[in-house]
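# Topology and contacts: notes
Here are the chains, one letter per residue:
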Amino acid sequence: MHLRTPIRPEMAVVCVAAYFLAALNAAFWRQFIGALAPQDAHEWVFVAAIAITFFGLLSLFFSVFAIPYLFKPVMTLFLLLTAAAVYFINEYGVVIDAEMIRNITHTDTGEAYDLLTGKLILYVVGLGLLPAIVLWVLPIAYRPFWQDLWFKTKATALVLPLIALVMLPLTGTAMSFFRENRMLLRVMTPLNYLSAIVTYGRGSIETGAVAAKPYGEDAHKAVVWPGRERRTLTVLVIGETARAQNFSLNGYGRETNPLLSRIPGLINYTQVHSCGTATAQSVPCMFSGRGRAGYRPGAGQEGLLHILQRAGISVLWRENQGGCAGVCKGVPTENAGGSNRKLFELGESLDENLLTGLAEKIDAMQGDAVIVLHMMGSHGPAYYKRYPEAFERFRPACKDSQFSRCQLSEIVNSYDNTIVYTDYVLAKLIELLAVQDRRGLPTAMIYVSDHGESLGENNVYLHGLPYAFAPDVQKHVPMVMWLSPKLQAESRVNASCLEHRRHEPVSHDNFFHSVLGLLGVQTTAYDPRLDVFASCRGASPMLIDD
Ligand SMILES: [Zn+2]
């Protein structure tokens, strides 16, 4: 074979397109044929038409870059990115969309390190780098500029009508099929990540323009507050990747809540749904007060914590994750893992760190206080890194962030161990708050997870699927609360009334308004219909003194 015989650029383009179509879209074809389950000739013609259209469009797209000095570097970039995307599609069953790009941009180095597995490197080298090397050694004989432009114009004039001819009789089939199976388009590389980047970019620009709008400027404590002598403390715990189904409090077959289940007066909400299926979506949405329907992603919006501060409540954010997704901007913040933490090494990322020195912090805070604890919870895929050895209750546990190296039962074991550890951290926190109550400080704790997780159901793992397509396990989250005896008396919230209503459907939409309601903060941003405490609050506005 004469490697030194240069080939025409269109030949190289066609080869790259064929490689993308066949090798880098294997998951698409598998899922496409699986969803369509072709039964007759017409349906197989449809499959062929999609292949021709996909191939034609890929070729036209890549030919745009088929000019000297540009073609090989750009194709290399596409090959490497696509190989990485294929890894996540194949190994974790994730789809690539704007939400995922947002997650990636919000991921810190520790989480990224967990996802960097040997297999990912194998994918990138095998599916991306090797074909790129082949492309680099291939001599390409480019045409002079105007000649090239003329050639490409002719080629486009030929390919586009051909695609139209193939697809026109099948438009109805294609439209109804892809409307039903829109997810497939997010498995189609490189279309999925290119459109995701564009959507994400557009979203960032739009929200950038309306950033940092003051919100709830009229916030103040309700009239009952100034007369009260005692200060109060409310701890909001933002859980991570805990799904309701795996809490034994919600009827899970394994005892994953050995401690919480023994705490008298603990209120466990059984029907709670998250705002999103990823941290970067759920956390800002919960604090925004706009609810799932009204919330738009973007930085700079003021939210719950700013309103609380405006009402004169001291706020502290304790972080044990990559960040607070913008909701703690302008709020005193500390990193539970230490300020110069680089990677989530075992021992550094454990959620118990959130309780270290907490009692001293509480003593130092003036007036009414709200402390937010942002957990690392059950963040995957390295579930085994989220709990200390002593909490390995379910064995054997998966000790690898590459799921294909573990049995499904081992993955579930390690996930369930993270829930057992979360149970311990929350129980320990309540114990600390009960001590504060006995010392005269009324306390409350509200824990809610940011989203759930898929654990291999229908071969889907992790989380972050588009809300409309996401399985319930990614959206149905645990929520527990505990109100100290003194706080119940002060706030006149009737805990047995809450207990009665705990099976009613609620969501992250209730979080913002319930916190404002519990703390008696009045603002036009508050909606009593979304305050879970509103219907369980004593009618008498009188102060209770003791
Ligand atoms: Zn999360």
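These numbers were taken from a predicted model, which means no experiment stands behind them.

### Topic: the overall build of the chain
The number of helices and strands found in the chain is 18 helices and 12 strands. Taking all contacts inside the chain whose residues are at least 6 apart in sequence as the whole, residues at least 24 apart take part in 77%. Accessible surface for the chain amounts to roughly 24200 Å². Of this, 62% is attributable to carbon and sulfur atoms. Each charge class in the chain can be summarised by its mean position, and for the 46 positive and 47 negative side chains these summaries are 5 Å apart.

### Observations regarding the state of the cysteines
Enumeration according to the criterion identifies four disulfides in this entry. Note that Cys 275 is cross-linked by a disulfide to Cys 285, the S-S spacing being 2.0 Å. Of note, the bridge from Cys 275 to Cys 285 carries an S-S torsion of about 85° and is right-handed in sense. In this pair, Cys 275 sits in the loop between strand E3 (267-273) and helix H11 (279-288) while Cys 285 sits in helix H11, placing the two residues 10 residues apart along the sequence. With respect to burial, Cys 275 and Cys 285 carry one shared label: buried. Between Cys 324 and Cys 328 runs a disulfide, and the two sulfur atoms are separated by 2.1 Å. Handedness here is read from the sign of the S-S torsion; for Cys 324 and Cys 328, about -85°, the answer is left-handed.

### Some details on the side chain of Asn 413
The topology assignment puts Asn 413 in helix H15 (residues 408-438). The exposure class assigned to Asn 413 is buried, which follows from its relative accessible area of 4%. Sequence-distant contacts of Asn 413, defined by excluding residues within four places in its chain, comprise Arg 254, Phe 394, Arg 395, Pro 396 and Ala 397.

### Description of unusual backbone geometry
Here Thr 189 and Pro 190 are connected by a cis peptide whose omega angle stands at -5°. Omega for the peptide link from Arg 395 to Pro 396 comes to -5°, which places this bond in the cis form. Position of Pro 396 among the secondary structure elements: in the loop between strand E6 (369-374) and H15. In this structure, Tyr 69 is a non-glycine residue whose phi angle is positive, near 70°. Phi is positive for Arg 492, which is not a glycine, with a value near 55°. Here Arg 492 is to be found in the loop between helix H16 (485-491) and helix H17 (495-500). Since its relative accessible area comes to 18%, Arg 492 is described here as buried.

### Quick word on the pairing of strand E2 (residues 233-239)
The buried fraction of E2 is high, at seven of seven residues. Residues Leu 233, Val 235, Val 237 and Gly 239 point to one face of E2 and Thr 234, Leu 236 and Ile 238 to the other, with burial holding for every one of them. With seven bridges connecting them, E2 and strand E7 (residues 443-449) associate as parallel partners. Bridge pairing links Leu 236 to Ile 446 in E7.

### Section: the sheet that holds E2
Ordered in space as E5-E4-E6-E2-E7-E10-E3-E11, the eight strands form an open sheet in which the pairing is mixed. Every interior strand has two partners, whereas the edge strands, strand E5 (333-335) and strand E11 (506-507), have only one.

Parameters at a glance
- In this convention, every chain numbers its residues from 1, walking through the sequence in written order.
- Thresholds applied to this predicted model are a pLDDT of at least 70 for local features of residues and 80 or more for the giving and counting of side-chain atom pairs; totals over whole chains, interfaces and linings are not thresholded and use all residues.
- The basis for every side-chain value is the complete set of heavy atoms in the structure, and neither hydrogens nor water enter the calculation.
- For the purposes of this entry, the term helix denotes a DSSP run of H or I that reaches at least four residues, the term strand denotes a run of E that reaches at least two, and both are numbered from the N terminus.
- We call two residues in contact when some of their heavy atoms are within 4.5 Å.
- Surface exposure here means Shrake-Rupley accessible area, sampled with a 1.4 Å probe, where a residue is shielded only by the protein chains that are shown.
- The charge count includes Lys and Arg as positive and Asp and Glu as negative, but it does not include His or the ends of the chains.
- Where a charge lies is defined by one atom per residue type: Lys uses NZ, Arg uses CZ, Asp uses CG and Glu uses CD.
- A pair of sulfur atoms, both from cysteines and within 2.5 Å, is called a disulfide here.
- Each residue gets one of three labels from its accessible area relative to the maximum for its type: buried under 20%, exposed over 50%, partly exposed in between, using a 1.4 Å probe on protein chains only.
- One bridge is not enough; two strands pair if DSSP finds at least two bridges between them.

Everything listed is a geometric property; what it means functionally is a separate question.
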